[in-house]
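Descriptive analysis of the structure
Residue-level listing of the chains:
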Amino acid sequence: MKVLVAVKRVIDYNVKIRVKADQSDVDLTNVKMAMNPFCEIAVEEAVRLKEKGVATEVIAVSIGPKASQEQLRTALALGADRAIQVLTDDPVDSLAVAKLLAKVVEEEQPGLVILGKQSIDADNNQTGQMLAALTGMGQGTFASEVVVDGESVNVTREIDGGLQTVKLSLPAVVTTDLRLNEPRYAKLPDIMKAKKKPLDVKTPEELGVSTASKVTLVKVAPPAERQGGIKVGSVDELVDKLKNEAKVIS
Amino acid sequence: MTAHDELLTFLTTTLGPSGVLCDDVDIARYRIDWAGAQGGIPLAVARPATPEQVAEILGYCHRNDIPVVPQGGGSGLVEAALPDRDTPELVISLERLNGIRHVDPINFSMSVDAGCILQTIKDAAEAEDCFFPLTLGAQGSCQIGGNIATNAGGLNVLRYGMMRQLVLGVEVALPDGRLLCDMKALHKNNTGYDLKQLFIGAEGTLGIVTGAVIKLFPRPQVTRTALIGCPDVESVLKLYAQSRRSCCDLLSAFELIPRICLELAIEVAPDLPDPLDEGHPVYILMEVAASGPVNLDGMIEALFEIGIENGWINDGVLATSDHQAKQLWRIREAMLEGQQRRGEHLRTDVSLPLSALSEFHHRAQLSMEETSPECTVIAYGHVGDGNLHFNVLPPPTLEQEAKRSLLHELELQLFDIVAEFSGSISAEHGIGRAKQAPFLETLTAPEHEIMRGIKRQIDPRGMMSPGRILPATHD
């Protein structure tokens, strides 16, 4: 069984986000980029399935600018067998990504598609669900456990107030939650080997998908800066401030 | 009124009631340091909030022959900042003198109060797209004044030097109550004796640093962190020399971690990674950083190829995200905690020429095992600086008294070997009280004479941190 994993290049989660002066977008100049943490979990899960003998081949796919090849090389170093890049410099929204992935799915015919539940930059949490709808596959979102059993897969989902296990017939779409696994470190010998693994580059045109977005980004603004606290001199002053300034008591 | 009452009245008048502590509960935390060493009961704890107040207190103590000891964040390792156990001293804590005075991103400098927490300084530098390189385990609590007084080292010395190299100017309250102000933010200043260097590393014996101008650097934008498994210390040193060459001298840390330290770290923090498939005798935690778009991955990969070819490297991992890099660095922090948990042990901080380090390591290990076959040697450190923390855990079954004398014997033995290799018994921790005896032994007559002369000149009454570095004078 082939497993297809989607990988997104995003700002490293440790980086403090800065907004461009004209508020048109987040400032990405000279900012450290990394693989979306949920995608790392997806890659790890696919590689584990291969190590268990369940998957025969792991294919990593990323949609984005040339630099996203870095994240694909990381996926290859972590254990993916080959990679596909859909090269585009345009901003792509969730629907365009889902359409492009659907085309890749059509070509590759994987038994399982694993995606992060969301990317930490846009936080949309849409692509996996849209891909399932476009391809007609079943979906198991927010997975904390994935067990392939013959022609089906049992996905344990993290839901409000507990866990839910769904059984999907293959092929299926799974999106990963934080607790699914702990991603491994890229070993230096594997990083060297990853350079020799195949990486195909395709374009949205070749796949016959228009990436034109129906969504326009109007404005990005940082959250209001937190006001510093103050020290009050007496209980009376505290009560007064809570009443008249903070208005949390009456 | 007794002299003690007079002191308290003076302090309260000068500093206000919140500037003086004398209650047992309030002063408890000034009597203990990070390593758990316990000091005596101080006369009081003074908490001045301005440089002038510090000077004023020193002047008073000078006139009244009251010994004083300045205190920063309490993470020193040689008991220099703890109040004396026999002669009650006045503790002067700089914790309220903690402002950032000015950041200059064009001059790449910052002027600060001595009580500023190191982390606060690093954050303030970063906000101006700059970088202050001093990096220590204690950076969340240690103060820059303490860093200066102890000439702190830490993880980035390899690239940026010790505190001594990072100071452009100082402001010092002198023992007689005058304020010496050399706060020029100059990168070049060749006018006579460089007095500020006298106060750096003086451990509070010549005055109290109240402010400083420190050097900043461009902020590293790209960083790569790798954990590499190596067969032995000799390979590590060859790899070090090659790393500096292959990585265009962009190496910012090169830490030796023996296998046992990794295990100690995981003992403390079981969620830490043991990322290589097999255990290796020694590991290197290495970091390469650049402030612009440089292909660090390419450099590390090329280095790795050379290392494998020559048999210096067994295996290694490269952190793919900042999260993974932080986890690797947590190994370095947690192993110290793990060591601490094993109870009293020999803790050293020796410095050697890098080319002699492997042979020293071998000789010292044999010598320790010969004397005490059941002891465990833990030798880790900033090998890129020739700095080895050659520590020894005694057999756990040993009685307290026997343990003490064994550790003392092992220390003497180790320092003899250090001398043979022309090393130093203190690379970065300093002398304080803990290392005074072996330090005095290594001093030549002219060195001893000049050091005593300097002390006498600046602190004629011997009231500044008496008994630290040099023995207290009683005349």
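Starting from 1, residues in each chain are numbered consecutively following that chain's sequence as written. Lettering of chains starts at A and numbering of ligands starts at 1, both following the order in which they are written. Under the rules for a predicted model, residues below a pLDDT of 70 receive no local features and side-chain atom pairs below 80 are neither given nor counted, while totals for whole chains, interfaces and linings still include all residues. Side-chain descriptors were evaluated using all non-hydrogen atoms of the structure, hydrogens and water having been removed beforehand.

Re the overall build of chain A
The helix count covers DSSP runs of H or I at least four residues long, the strand count covers runs of E at least two residues long, and both are numbered beginning at the N terminus. Scanning chain A for helices and strands turns up seven helices and twelve strands. With the C-alpha coordinates of chain A rotated into their principal frame, the extents come out at 70 × 40 × 40 Å. Only protein chains enter the accessibility calculation, which uses a 1.4 Å probe. A residue is then buried if its area is under 20% of the maximum for its type, exposed if over 50%, and partly exposed in between. Buried positions account for 44% of the 250 residues belonging to chain A. Between two residues, a contact is recorded if the distance between any of their heavy atoms is within 4.5 Å. Summarising the internal contacts of chain A: among those between residues at least 6 apart in sequence, 69% fall at separations of at least 24. Residue burial considers only the protein chains on display, and all accessible areas are found by Shrake-Rupley using a 1.4 Å probe. By element, 51% of the accessible surface of chain A is carried by carbon and sulfur atoms, the whole surface being about 13400 Å². Across chain A, the 33 positively charged side chains and the 35 negatively charged ones have centroids separated by 3 Å. His is not counted, nor are the chain ends, whereas Lys and Arg count as positive and Asp and Glu as negative. Where a charge sits is defined by one atom per residue type, namely NZ (Lys), CZ (Arg), CG (Asp) or CD (Glu).

Examining the interface of chain B and chain A
Accessible area lost upon the coming together of the parts is a frequently used measure of interface size. Every contact between the two is made by 26 residues of chain B and, on the other side, 20 residues of chain A. As a working definition, buried area equals the accessible area (1.4 Å probe) given up by two parts on being put together, with both sides summed. Each partner contributes to the roughly 2100 Å² buried at the junction of chain B and chain A, and carbon and sulfur atoms together form 53% of this total. Broken down residue by residue, the surface that chain B buries against chain A is led by B:Glu301, B:Thr320 and B:Asp322, which jointly contribute 26%. For this document, the term salt bridge refers to a Lys or Arg side-chain nitrogen within 4 Å of an Asp or Glu carboxyl oxygen. Scanning the region where chain B abuts chain A turns up four salt bridges. Here A:Lys32 makes a salt bridge to B:Asp322, at a shortest N to O gap of 3.7 Å. Distance and chemistry together define a polar contact, namely a pair of N or O atoms within 3.5 Å, with one atom able to donate a hydrogen and the other to accept it when in protein, and with adjacent residues in sequence counting only for side-chain atoms on both sides. Our enumeration of links across chain B and chain A arrives at nine residue pairs in polar contact (both at pLDDT 80 or more). Those elements giving two or more residues to the side of chain B that touches chain A turn out to be β12 (222–230), α11 (296–309), β15 (315–318) and α12 (322–341) of chain B. The dominant element in the side of chain B that touches chain A, judged by the number of residues it contributes, is α12(B), at six residues. Under the convention adopted here, Pro, Cys and the residues Ala, Val, Leu, Ile, Met, Phe, Trp and Tyr are nonpolar, Asp, Glu, Lys and Arg are charged, and Gly plus all remaining residues are polar. For the side of chain B that touches chain A, the per-class residue count stands at nine nonpolar, eight polar and nine charged. Whether two strands pair comes down to DSSP finding at least two bridges between them. Note: strand β11 (residues 186–187) of chain A against β15(B), two bridges, orientation antiparallel. Residue pairing across strands places A:Ala186 opposite B:Leu318, the latter belonging to β15(B).

Details of the sheet that holds strand β16 (residues 350–351) of chain B
All names here are of chain B. Strand order across the open sheet formed by three strands is β16-β18-β17, with antiparallel pairing between neighbours. The open sheet is flanked by β16 and β17 (376–380), the only strands paired with a single partner. In terms of strand pairing, β17 meets strand β18 (residues 387–393) through five bridges, oriented antiparallel. The partner of Tyr 380 across the bridge, within β18, is His 389.

Points about the packing of helix α10 (residues 259–268) of chain B against α12(B)
To characterise two packed helices, one gives the angle between the axes of the helices and the distance between these axes. Residues and elements named next belong to chain B. Helix axes use the C-alpha atoms of the stretch in contact, all axes being lines fitted to C-alpha atoms, and the angles between their N-to-C directions lie in the range 0 to 180 degrees. Here α10 crosses α12 at 85 degrees, and the two axes come no closer than 7 Å. Between α10 and α12, the angle falls in the class roughly perpendicular. Contacts from Cys 261, Leu 262, Leu 264, Ala 265 and Val 268 of α10 reach α12 at Ile 331, Ala 334, Met 335, Glu 337, Gly 338, Gln 339 and Arg 341. Taken together, the residues that form the contact of α10 with α12 break down as eight nonpolar, two polar and two charged. Angle categories are assigned with fixed cut-offs, so that under 35 degrees is roughly parallel, over 145 is roughly antiparallel, 65 to 115 is roughly perpendicular, and the rest are oblique.

Digging into the UniProt feature "domain: FAD-binding PCMH-type" (unreviewed entry) in chain B
What UniProt calls "domain: FAD-binding PCMH-type" (unreviewed entry) maps, in this numbering, to residues 38–219 of chain B. Along residues 38–219 of chain B the backbone is 23% helical and 24% strand, and the end-to-end C-alpha distance reaches 39 Å. UniProt positions are given in the numbering used here, feature names are shortened, and annotations may be inferred rather than shown by experiment.

Brief notes about the domain arrangement of chain B
Note that the domain bounds reflect an automated or database-derived domain assignment. Each assigned domain of chain B is listed with its residue range as follows: domain 1 (3–93), domain 2 (100–218), domain 3 (222–341) and domain 4 (350–420). One C-alpha centre belongs to domain 1 of chain B, the other to domain 3 of chain B, and the line joining them spans 42 Å.

A look at the environment of B:Val103
Mapped onto the elements of the fold, B:Val103 is located in strand β5 (residues 100–104). Here the alpha-carbon distance between B:Val103 and B:Asn391, two residues 288 residues apart in the chain, equals 40 Å.

What about the UniProt feature "domain: Electron transfer flavoprotein alpha/beta-subunit N-terminal" (unreviewed entry) in chain A?
With numbering matched to this structure, UniProt assigns "domain: Electron transfer flavoprotein alpha/beta-subunit N-terminal" (unreviewed entry) to residues 23–211 of chain A. Here residues 23–211 of chain A runs as 32% helix and 32% strand, with 23 Å between its end C-alpha atoms.

Brief notes about the pairing of strand β14 (residues 282–290) of chain B
All names here are of chain B. Among the nine residues of β14, nine are classified as buried, and the element is accordingly described as predominantly covered. Covered by surrounding structure in β14 are Val 282, Ile 284, Met 286, Val 288 and Ala 290 together with Tyr 283, Leu 285, Glu 287 and Ala 289, the residues of both alternating faces. Bridge count for β12 against β14 is nine bridges, and the pairing is antiparallel. The residue bridging Leu 227 from the neighbouring strand is Leu 285, located in β14. Bridge count for strand β13 (residues 251–258) against β14 is seven bridges, and the pairing is antiparallel. Across the sheet, residue Phe 254 finds its bridge partner in β14, namely Met 286.

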